[in-house]
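Coordinate inspection notes
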Amino acid sequence: MKAPSKNREARRARSGDGEVLQRPSWDEYFSRIAEEVSKRSTCLRRHVGAILVLDKRILATGYNGAPRGIRHCAEVGCLREEHGVPSGERQELCRGLHAEMNVLIQAASHGIRVQDATLYSTTFPCSLCAKMLINGGIRRIVAQSDYADPLAKELLGEAGVRVEWFDFDRHRALPVRLAKTPRRTAVRGEGRMKGRGTTGNPGENRIR
């Protein structure tokens, strides 16, 4: 008789009264912890939680909100709402830091090495956070929801970062196809870039 696989997503266990329980996988375990972290967020638009994990050990946690010693947006209002900034654009117009930024800062402030770690986040990183995660040596990202910033997906794809989408209904992480950054050429006198995607399909960058 073949022994049960150690890599199956949910292992069965029995409670004291004999009831069969579904034990969460490590991906589900850490994804749910990221959800709990998000509840500390002070952002008026969305609550995001992120944790860095290496060898099944949590290195640091972070959520989005105003910097230390700065009044929360709940007290002074949302700068992005005041200026009508759409989601996924002009990230610099915000009083707060993103959860991914804060989790990297937390690790750095305590001298914790994050090279080769996995990021579990409730939301896909923006392009600013993606660049920080790439330089921090993060090798894998497990997100729960999408974010309207196609450049982030291009950067992560080109850097070779493994990206997955956690599906709570299936209790497992699903791979995300990322299109690599298309080759672009500068157009003289126009001050902008022209280019063509490698797949020719704008939907290739979306989380499936």
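I will try to describe carefully the structure that is included in this document. (Residues numbered from 1 in each chain as written. Predicted model: local features only at pLDDT ≥ 70, side-chain atom pairs only at ≥ 80, totals over all residues. Heavy atoms only, no water.)

Another point: the pairing of strand β8 (residues 172-175). Direction of pairing for strand β7 (residues 162-167) relative to β8: antiparallel, over a ladder of four bridges. Its bridge partner being in β8, E164 is matched across the sheet by P175. The hairpin formed by β7 and β8 contains four residues between the paired strands, and H171 there has a positive phi angle of roughly 60°. (Pairing = 2+ DSSP bridges. Helix = DSSP H or I, 4+ residues; strand = E, 2+ residues; numbered from the N terminus.)

When two helices pack together, you describe them by how their axes are tilted relative to each other and by the distance separating the axes. Interhelical geometry of helix α4 (residues 99-109) versus helix α5 (residues 127-135) gives an angle of 30° and a closest axis separation of 9 Å. By the angle between their directions, the pair α4 and α5 is classed as roughly parallel. Every pair of crossing elements has a handedness; the one defined by α4 and α5 is left-handed. Every residue of α5 that contacts α4 at E100, M101 and L104 is listed here: L128, C129, M132 and L133. Of the residues belonging to the contact of α4 with α5, the class tally is six nonpolar, no polar and one charged. (Axes fitted to C-alpha atoms, helices over the stretch in contact; angles between N-to-C directions. Parallel < 35°, antiparallel > 145°, perpendicular 65-115°, else oblique. Left-handed = near helix turned anticlockwise from the far one by under 90°. Contact = heavy atoms within 4.5 Å. Nonpolar A, V, L, I, M, F, W, Y, C, P; charged D, E, K, R; others polar.)

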